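What follows is the residue order along each chain.
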Amino acid sequence: MAETTVLHNPRCSTSRAALDAAQEANVDVEVLQYLKEPLTREALLELLGKLEDAPTDLVRRDATFKELGLTDADVAAPDQVADLLAEHPKLMQRPVLVRGNRAIIGRQKDRVPAFLAGN
């Protein structure tokens, strides 16, 4: 079993770059395509408990966010984020890397190698 899990969207270049970084670092990862296998509310709350970023940062502020009429106030608390992402998984930032009791959003590509190295 892999030490690191990558919550991945194959259509996202940043997410693909995280998998490339793992391969270059020779780190075995478990890839979870979260759009095909959405996380439950409980799994999202567990993820948020490990996340080094603010819970609200896990939510993409894109056209879908606006179409749903959401504001930052709607995703200020972990419970709100978990509820929203359980219902609308495509609003989750990607990639998300999880190892043990730590998780990061790998949106800034330079964060990924350090995380994969255990730093």
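Starting from 1, residues in each chain are numbered consecutively following that chain's sequence as written. The model is predicted, so local features are restricted to residues of pLDDT at least 70 and side-chain atom pairs to those at 80 or more, both for listing and for counting; the totals for chains, interfaces and linings are taken over all residues. For side-chain calculations, the full set of non-hydrogen atoms in the structure is used, while hydrogens and water are omitted.

Q: Give a detailed account of the sheet that holds strand β2 (residues 29-33), specifying residues and quantitative values.
A: Here, a strand pair is defined by DSSP locating no fewer than two bridges between the strands. Each helix corresponds to a stretch of at least 4 residues labelled H or I by DSSP, and each strand to a stretch of at least 2 residues labelled E; elements are numbered beginning at the N terminus. The strand order across the open sheet formed by four strands is β2-β1-β3-β4, and the pairing between neighbours is mixed. Across the chains shown, the open sheet's two edge strands, defined by having one partner strand only, are β2 and β4 (102-105). On average, adjacent strands in this sheet sit at an angle of 20° to one another, irrespective of strand direction. Pairing between strand β1 (residues 4-8) and strand β3 (residues 96-99): four bridges, direction antiparallel. Looking at β3, one finds that Leu-7 is bridged to Val-96. Helix axes are fitted to C-alpha atoms over the stretch in contact, other axes to C-alpha atoms as well, and angles between N-to-C directions run from 0 to 180 degrees.

Q: Would you mind going over the packing of aromatic side chains in detail, with residue names and values included?
A: Any two rings among Phe, Tyr and Trp, with Trp reduced to its six-membered ring, count as a pair given centres within 6.5 Å; such a pair is stacked if its planes are under 30 degrees apart, edge-to-face if over 60, and tilted if neither. Taken as a whole and judged by the stated rule, the model has zero aromatic pairs. The criterion is that NZ of a Lys, or CZ of an Arg, lies within 6 Å of the ring centre and within 35 degrees of the ring normal, and then a charge sits over that ring. Sitting over the face of the ring of Phe-115, Arg-99 holds its NZ or CZ atom 5.8 Å from the ring centroid.

Q: With reference to specific residues and values, describe the side chain of Gln-93.
A: The residue Gln-93 is located in the loop between α4 (78-87) and β3 in this model. On the basis of relative accessibility, which here comes to 14%, the residue Gln-93 falls in the buried class. Think of it in three bands: with a 1.4 Å probe and only protein chains considered, a residue is buried below 20% of the maximum accessible area for its type, exposed above 50%, and partly exposed in between.

Q: I'd like a rundown of unusual backbone geometry, residues and numbers included.
A: With omega at -5°, the peptide bond leading from Arg-94 into Pro-95 counts as cis. In this fold, Pro-95 is placed in the loop between α4 and β3. A positive phi angle, close to 60°, is found at Asn-26, a residue other than glycine. Here Asn-26 is to be found in the loop between α1 (13-24) and β2.

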